[in-house]
Protein chains: 6
Amino acid sequence: MLLNMRLVDEIIQTALKEDIGTGDVTTMSTIPPDVTTTGFIYAKDDGVIAGLLVAERVFTNLSSEIEFHARVQDGDRVGRGDVLATVSGPARAILTGERVALNLLQRMSGIATRTAHIAELLTYYNTMVVDTRKTTPGLRVLEKYAVKIGGGKNHRFGLYDAVLIKDNHIKVAGGIKKAVAMARGSAPHTMKIEVEVENLDGVREALEARADIIMLDNMDFTAVKDAVRMINGQARVEVSGGINEDNVVEYAKAGVDLISMGGLTHSVRALDISLDVGEIK
Amino acid sequence: MLLNMRLVDEIIQTALKEDIGTGDVTTMSTIPPDVTTTGFIYAKDDGVIAGLLVAERVFTNLSSEIEFHARVQDGDRVGRGDVLATVSGPARAILTGERVALNLLQRMSGIATRTAHIAELLTYYNTMVVDTRKTTPGLRVLEKYAVKIGGGKNHRFGLYDAVLIKDNHIKVAGGIKKAVAMARGSAPHTMKIEVEVENLDGVREALEARADIIMLDNMDFTAVKDAVRMINGQARVEVSGGINEDNVVEYAKAGVDLISMGGLTHSVRALDISLDVGEIK
Amino acid sequence: MLLNMRLVDEIIQTALKEDIGTGDVTTMSTIPPDVTTTGFIYAKDDGVIAGLLVAERVFTNLSSEIEFHARVQDGDRVGRGDVLATVSGPARAILTGERVALNLLQRMSGIATRTAHIAELLTYYNTMVVDTRKTTPGLRVLEKYAVKIGGGKNHRFGLYDAVLIKDNHIKVAGGIKKAVAMARGSAPHTMKIEVEVENLDGVREALEARADIIMLDNMDFTAVKDAVRMINGQARVEVSGGINEDNVVEYAKAGVDLISMGGLTHSVRALDISLDVGEIK
Amino acid sequence: MLLNMRLVDEIIQTALKEDIGTGDVTTMSTIPPDVTTTGFIYAKDDGVIAGLLVAERVFTNLSSEIEFHARVQDGDRVGRGDVLATVSGPARAILTGERVALNLLQRMSGIATRTAHIAELLTYYNTMVVDTRKTTPGLRVLEKYAVKIGGGKNHRFGLYDAVLIKDNHIKVAGGIKKAVAMARGSAPHTMKIEVEVENLDGVREALEARADIIMLDNMDFTAVKDAVRMINGQARVEVSGGINEDNVVEYAKAGVDLISMGGLTHSVRALDISLDVGEIK
Amino acid sequence: MLLNMRLVDEIIQTALKEDIGTGDVTTMSTIPPDVTTTGFIYAKDDGVIAGLLVAERVFTNLSSEIEFHARVQDGDRVGRGDVLATVSGPARAILTGERVALNLLQRMSGIATRTAHIAELLTYYNTMVVDTRKTTPGLRVLEKYAVKIGGGKNHRFGLYDAVLIKDNHIKVAGGIKKAVAMARGSAPHTMKIEVEVENLDGVREALEARADIIMLDNMDFTAVKDAVRMINGQARVEVSGGINEDNVVEYAKAGVDLISMGGLTHSVRALDISLDVGEIK
Amino acid sequence: MLLNMRLVDEIIQTALKEDIGTGDVTTMSTIPPDVTTTGFIYAKDDGVIAGLLVAERVFTNLSSEIEFHARVQDGDRVGRGDVLATVSGPARAILTGERVALNLLQRMSGIATRTAHIAELLTYYNTMVVDTRKTTPGLRVLEKYAVKIGGGKNHRFGLYDAVLIKDNHIKVAGGIKKAVAMARGSAPHTMKIEVEVENLDGVREALEARADIIMLDNMDFTAVKDAVRMINGQARVEVSGGINEDNVVEYAKAGVDLISMGGLTHSVRALDISLDVGEIK
């Protein structure tokens, strides 16, 4: 597991508090405290699963008597109707936790599914798909984990763990070279410095500034190919902007190292997953 | 504004902490503290805007010297290239807050845009589109607000503010009537009682139990029409499951009061919105 | 148990932090860490018990080695001298937790005792005693639970889970009908709408606005009787204001559905309960 | 003001969160955001006021545009109908904050009123009435402040700021002398050491152990008088247990320094206070 | 253990969050989750150990599978190379927790070591070394515990648990007598009153005001001796300011009761302690 | 300012809560609320100042009426007696905040002072002094800022923002090459990879694994010189372990890029700084 479970538990606490508030009036009034049952979590669509441990902890956070048995693993590809896990124990905990567990599992699996699709397209190329900071506020660690499970690579986790000098920084700072020099003087020596450029002049400046990574932002194929040739291994090359299932292979062919896609996390289609108690519909 | 700003601020605090961590190394090293600038927030696609006040508070949370001027209002329909707002003040605060502000604004506007599309389809019917609890964990108040801005109606906010007896409750409790009676005895008299049913037998039982609202879950058109006729005003009628842009009008024609759609919030396509400093690209 | 134990634990954490601060200097200095003992929790007055599980968790929060054995149940009527529970384990945890456990148990039992007295008076009437929002800030879930244990019914839990249009809202909004219409348009369809009125004109307006519940505030017997007749089952009827042990039956006879009493929670007489180690004095 | 306003604000935040939750649906739907009004806070019974600043901060926490004008001061004696304060500004903030503000003000004023009554009875004696740790969990700083405003003196604030060796400690530790010696060796030299005793033997032991304060717990008048004579100024004398309005003067006459009464805070009768907008009923 | 473990756990949580953030990228990527190992914690210098339980809880907070075996006890004197404890279990938890555990243990042991040195110098005198409020913000309970383990005594824990009227208070309040009288009237009767004075006039005033403790601040030997004679047992005598290993015995000979030294906690030399897995270097 | 002020405020809140607790009994009882005064903050020793803005916010957190005027800037070298700042406003806020403000300012200035001394020794070399993770738990951002103010460079901020493969990782992972390969595959591409080695074989392995930075841990001069020659610019070179004022220049002469010293933060000698009201002693 590549997740910091302390952060996961914080997210779960927030989610449960948001949903349960002063109490689940339906469950507390209709289900006696000593009734136990088993819930089946199953897929209603095809996809790649991510977040089973997260779903498990939603339930175990609600009751220490819950037994959760995963039947597949994160990263597994499943089909419609497959049972992903069973959750047994106090019926109250299962019914109260169901929605939060599914909300998280569906979102994470949706991200893993889409990432896996992109990664598959890139199988025969030395190019990785990477995520961005366009994640859902509050859920970044879960979403970046899902990208990784889907076969993608993570970009920086936030503003604090890498230098990425973007268009707006360059405008305000007064040029690429100046910005890179300032960053190098101030940031820890353990961080790489990435620069976002929009054309070949930018590439040239970034190379002269000795950037570790150059991000080609919204540049067309021809320009990207020229840039890769110009960079020639002196920095890692990342492309970004307007890339999707249809054109991703073209960029890979152009020889870039990394393709970052905000849509992996900002426009998620949740994987359809349900929980039924007693039997599967 | 129909938002509890205290909760909004908590969400923003969490989001900023997640993104900024120990500090925005890029901005702190490349932008001097006394530089000021103006950022233009503009649409790169057509849609309905929601969350301008939320975006504003991201920036004002970072610096008390920020001036935020909205040029449109929540609920306004905008087109590609329209400037939504300007944000002026310390360049550091603008660059550091940009991503969190856009992440929230894009998601909320995406939800409002889709809801507005559905609501428009329902214009000539006495049927409302409503949201569900399939929201992003931690962001429910924002997402339900966006649904409202888009012209939808909110369902309950959580497990604590209404009774909704679902399939799993009925199975464990041992029948609709028993479950409704227990809920009525225990829940505050101020809450309505809704029952989810899957067929006409369920409708009949729910009516006998005097449910306030009956949710027809995954029932086909014919069954829905029969149910509406059977209910005949004795309860409000909600349909749920498998409803989308293509069939929503059919359900409205069947005479239901409410159509709930999880996809409004669980599978959002973010509206494309950017921030540029100095000038608009 | 109809309590959300997560909220209970938060209350207990706050209470323990308030009382213990940097440490219980008396107990830490006079009692060695390995000494164990048994404390007897017993009633020093007659009443109805509520909160045993809350008391238990105070001690188990302080030490995982505590054994708590309840000898009565919440809702039981006890007499002076009755042992309610024994608590065995590390003497330090018992002595340090004693005051917080008793403070909560005494208050909750005081509320249950008074509510039970009122509920008993209403035994032969179709009228329920209900609580209000005049609870102790921070302890509402405990106090509303105690009302329920005493045989009362809960009103809404807060400003978020029901619409209650009061005198001040009506004045500012410009009339009952307008206020009800606005609330109906905006609030979730799952919430009932209650209106507070002060005279028969108000009742008439509330009926025309189709309020779900009408609260007769500070109206005299004659007016209440007239109101009940006028409402005639079209809405549920609640009375409030100036009601106590002496006149509660009169209101019940008048045919109201609900009688709300702030004094159940805002003017509590704690039930006298003590803890003695080793033996009972 | 003798209150730590940081703690007061934490209490207010908790109280507002408890009451408002996801939002005040009534006020947000019936009152437009730009409406302003004035509320009059007035007494409906006679008593001593405590907590005006606390009430003020409830409203100013909700809106920075609130103007709060106190017409009396904490400690003032007021009569039925007296206006205590006016609160002007956004109607939403006034209506949403009303209940929390009154809940706190009524409770604190109830405590101040009862304490003032006891303090008045003790006017001509060198005896002070003091509070205990039998306060409402979470509200101790407010309740101890109210006792002080009513003319009482505060006992220790918690388990951390003084040594009070009680009956149960003595039993477990194995005697008064041993317990006092251990406490003296371990506690900071800045804390006094108080011992609770139940008879004259206990007094003698406590004197030999050189306790700073001796608490006579549940001892009858004769024993108390003998104890005072025996102590003879070598320690301060506190009595506790079974003391009320009827017998408090007798204890004062017996020459004790301090009389502690749990009932000042555990069995409060809230002072009746209301808020009306626009005019006073 | 004289530590409130609830506060210790809060400190550990803060420390782990600070160090781990979104995750220990090195350990998570290089160490598989199922690898177990044993780490040896050993001294690289001579000193007195304090904080073993704190170190243990760092690891057990990270994994419930950790086994921690202390080979020495808090307060033991150890030499270079001595193994203090072994920690066995998941290698990830051991490597991730190592730094936080050592940071706390080294600091606490550094404080205990220096305190023990001072205490030893005072062995044959009726004088105790005490700490001050010059502790590391956030770590006071740990540092005061370490002083105690080293053989020192604790002064007050904060501004809330004793009255200490210092130079600046006296200047603003207008004199010692006035300040003491105000404090006596307002503070709980359970707190002692200490006054800081700078010369014999101050001592005289403090005695007349009947201060419980008199602190001689930055007074020379002669003055201290005169002060002790003048006080003559009517108050406890504390000296402070400019005291160190070289002159502490002189002050003890002068007959003071307490010597407070800020340097015990504000200028700590951490005791050198390491953790090696598998074997000891 | 290179500090994230949100984190600074959290530290200050924690520190004030720790020190003030339920209230500053001395100040609240001896100083009336409306008294104002001016405090002078001055150095009692020579050194480099860091943390003036932190000290300022301690006071402004306590009262919005505080005026703080810095007379020197962070990074300035000051001498005994120099006034660093004046703080004017409510005497209560000044006296209550004094200790926390000084505790932070003294520690930060102590760190800056020592770092500046080392940095000065390195003036004529291409070698930087850097900090470590051996910081005070909870205060890392302040201490790393102080190192920077003193002229040092920051190493990584925590376990989350760089890969540093240490001795213990290598042992458990089974060799340098394997560990580096795993880290490269899993960590974000934006992070550099540093490897700690103990001899020339380790250097060779690290070079073959293409580590970005090689840390020579506890190696003697000769070995360090050989290592620098072997590395020859293929990686940055850091030395660590047993380095101090006496030998730091030797290491610089050996041609290393970075010298990390735990003692900069784990064994701080606070700079002596005081606050006097009204006048400077």
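Definitions and limits used
- Residues numbered from 1 in each chain as written.
- Chains lettered and ligands numbered in written order.
- Predicted model: local features only at pLDDT ≥ 70, side-chain atom pairs only at ≥ 80, totals over all residues.
- Heavy atoms only, no water.
- Helix = DSSP H or I, 4+ residues; strand = E, 2+ residues; numbered from the N terminus.
- Contact = heavy atoms within 4.5 Å.
- Pairing = 2+ DSSP bridges.
- Axes fitted to C-alpha atoms, helices over the stretch in contact; angles between N-to-C directions.
- Buried < 20%, exposed > 50% of the residue type's maximum accessible area, 1.4 Å probe, protein only.
- Right-handed = clockwise from strand over helix to strand, strands pointing away.
- pLDDT = per-residue confidence, 0-100.
- Least-squares fit on C-alpha atoms with pLDDT ≥ 70 in both.
- Parallel < 35°, antiparallel > 145°, perpendicular 65-115°, else oblique.
- Left-handed = near helix turned anticlockwise from the far one by under 90°.
- Nonpolar A, V, L, I, M, F, W, Y, C, P; charged D, E, K, R; others polar.
- Buried area = accessible area lost by both parts, 1.4 Å probe.
- Salt bridge = Lys/Arg side-chain N within 4 Å of Asp/Glu carboxyl O.
- Polar contact = N/O pair within 3.5 Å; in protein donor to acceptor, adjacent residues only side chain to side chain.

K.L.:
So what exactly am I meant to see when it comes to the environment of Lys134 of chain C here?
P.N.:
Within the element layout of this structure, Lys134 of chain C appears in the loop between strand 6 (128-130) and helix 5 (140-149). Each C-alpha atom, one on Lys134 of chain C and one on Ile66 of chain C, is 35 Å from the other, the two residues being 68 residues apart in sequence. For Lys134 of chain C, the contacting residues outside a window of four places in its chain are Gly262, Thr265 and His266 of chain C together with Arg99 and Asn103 of chain D.

K.L.:
It is not clear to me how the sheet that holds strand 3 (residues 67-70) of chain D should be interpreted in this structure. Could you clarify?
P.N.:
Within a sheet, each strand pairs with its neighbour through backbone hydrogen bonds, oriented either parallel or antiparallel. Residues and elements named next belong to chain D. Spatially, four strands are ordered 3-5-1-12 in an open sheet, and the strand pairing comes out antiparallel. At either margin of the open sheet sits one strand with a lone partner, and together these are strand 3 and strand 12 (273-277). In this sheet, adjacent strand axes meet at a mean angle of 15° when their direction is disregarded. Two elements, strand 3 and strand 5 (residues 83-90), share four bridges in a ladder whose sense is antiparallel. Paired with Phe68 across the bridge in strand 5 is Val87. Contacting strand 1 (36-43), strand 3, strand 5 and strand 12, helix 3 (residues 52-62) crosses the sheet at an angle of about 170° to strand 3. Contacts from helix 4 (residues 91-121) reach strand 1, strand 5 and strand 12, with the element oriented near 165° to strand 12.

K.L.:
Mind showing me how you'd approach the pairing of strand 8 (residues 193-197) of chain B here?
P.N.:
The side chains of a regular strand alternate between the sheet's two faces. Residue and element names in this part refer to chain B. Judged by how many residues are buried, strand 8 sits mostly within the fold: five of five residues are covered. Taking every second residue as pointing to the same face, both faces of strand 8 are buried, with Ile193, Val195 and Val197 on one and Glu194 and Glu196 on the other. Across three bridges, strand 7 (residues 163-165) lies against strand 8 in parallel orientation. Looking at strand 8, one finds that Val163 is bridged to Ile193. Pairing of strand 8 with strand 9 (residues 213-217), which is carried by four bridges, proceeds in the parallel orientation. If you follow Glu196 over to strand 9, its bridge partner there is Met215. Between strand 8 and its parallel partner strand 9, the chain crosses via helix 8 (residues 200-208), and the hand of that crossover is right-handed.

K.L.:
Teacher, can you tell me more about the arrangement of the chains here?
P.N.:
Across all C-alpha pairs, the smallest distance from chain B to chain E is 8 Å, and the two are not in contact. Chain C shows no contact with chain F. Their nearest C-alpha atoms sit 8 Å apart.

K.L.:
Quick question: what am I supposed to make of the confidence of the model for chain A here?
P.N.:
Low pLDDT means the predicted atomic positions in that stretch should not be read closely. When the pLDDT values of chain A are averaged, the result is 96; 99% of them are 70 or greater. Here the predicted complex scores 0.95 on pTM and 0.95 on ipTM.

K.L.:
Quick question: what am I supposed to make of the relation of the copies chain A and chain F here?
P.N.:
Relating the two copies of this chain is a rotation about some axis coupled with a shift parallel to it. After a rotation of 180° and a shift along the axis of 0.0 Å, chain A superposes on chain F with an RMSD of 0.0 Å. Here the two chains are linked by the operation of a two-fold rotation axis. Within chain A, the C-alpha atom positioned nearest to the axis of rotation is that of Asp161 of chain A, 2.4 Å from it.

K.L.:
What exactly am I supposed to notice about the packing of helix 1 (residues 5-20) of chain C against helix 3 (residues 52-62) of chain C here?
P.N.:
Think of two packed helices as two axes; the pair is described by the angle between the axes and how far apart they sit. Residues and elements named next belong to chain C. Taken N-terminus to C-terminus, the directions of helix 1 and helix 3 make an angle of 60°; their axes are 10 Å apart at the nearest point. As far as their axial angle goes, helix 3 and helix 1 are oblique. Here the hand of the crossing between helix 1 and helix 3 comes out right-handed. Counting all contacts with helix 1, which are made through Met5, Val8, Asp9, Ile12, Gln13, Leu16 and Ile20, the residues of helix 3 involved are Leu53, Val54, Arg57, Val58, Asn61 and Leu62. In terms of residue class, the contact of helix 1 with helix 3 is made up of nine nonpolar, two polar and two charged.

K.L.:
Explain the side chain of Asn154 of chain B to me, please; I cannot follow it from the model alone.
P.N.:
Checked against the element boundaries, Asn154 of chain B lands in the loop between helix 5 (140-149) and strand 7. Given a relative accessible area of 3%, Asn154 of chain B falls into the buried group. Non-local contacts of Asn154 of chain B, meaning those with residues more than four positions away in its chain, are made with Asp131, Lys144, Val147 and Lys148 of chain B together with Pro188 and His189 of chain C.

K.L.:
Is there a simple way to think about the interface of chain C and chain D in this case?
P.N.:
How big an interface is tends to be reported as the loss of accessible area on association of its parts. Chain C puts 64 residues into the contact, and the matching count from chain D is 63 residues. Buried surface at the junction of chain C and chain D, summed over both partners, amounts to about 5300 Å²; 55% is from carbon and sulfur atoms. Ranking the residues of chain C by area buried against chain D places Glu18, Pro137 and Leu159 of chain C at the top, with a combined share of 13%. The interface formed by chain C and chain D includes four salt bridges. Among the ionic pairs, Arg133 of chain D bridges to Asp19 of chain C, the shortest N-O distance being 2.6 Å. Linking chain C to chain D there are 34 residue pairs in polar contact (both at pLDDT 80 or more). Listing elements by their share of the side of chain C that touches chain D, those giving two or more residues are helix 1, helix 2 (25-30), helix 4 (91-121), strand 7 (163-165), helix 6 (167-173), helix 7 (176-186), helix 11 (263-266) and strand 12 (273-277) of chain C. Considering every element that reaches the side of chain C that touches chain D, the biggest residue donor is helix 4 of chain C, with eight residues. The residue makeup of the side of chain C that touches chain D, split by class, is 26 nonpolar, 20 polar and 18 charged.

K.L.:
Where do I start with the packing of helix 8 (residues 200-208) of chain A against helix 9 (residues 221-231) of chain A in this structure?
P.N.:
Residue and element names in this part refer to chain A. Between helix 8 and helix 9, the shortest axis-to-axis distance is 10 Å and the interhelical angle comes to 20°. Taken as axis vectors, helix 8 and helix 9 run roughly parallel relative to one another. Judged by the sense of rotation from one axis to the other, the crossing of helix 8 with helix 9 is right-handed. The residues of helix 9 that touch helix 8, namely those facing Leu200, Val203, Arg204 and Leu207, are Ala223, Asp226, Ala227, Met230 and Ile231. The residue inventory of the contact of helix 8 with helix 9, partitioned by class, reads seven nonpolar, no polar and two charged.

K.L.:
Honestly, the side chain of Thr265 of chain D in this entry has me stumped. Any pointers?
P.N.:
Along the chain, the position of Thr265 of chain D falls in helix 11 (residues 263-266). For Thr265 of chain D, a relative accessible area of 1% gives the class buried. Once residues lying within four places of it in the same chain are set aside, the contact partners of Thr265 of chain D are Arg107 of chain C together with Ile111, Thr132, Lys134, Thr135, Thr136, Glu143 and Val147 of chain D.

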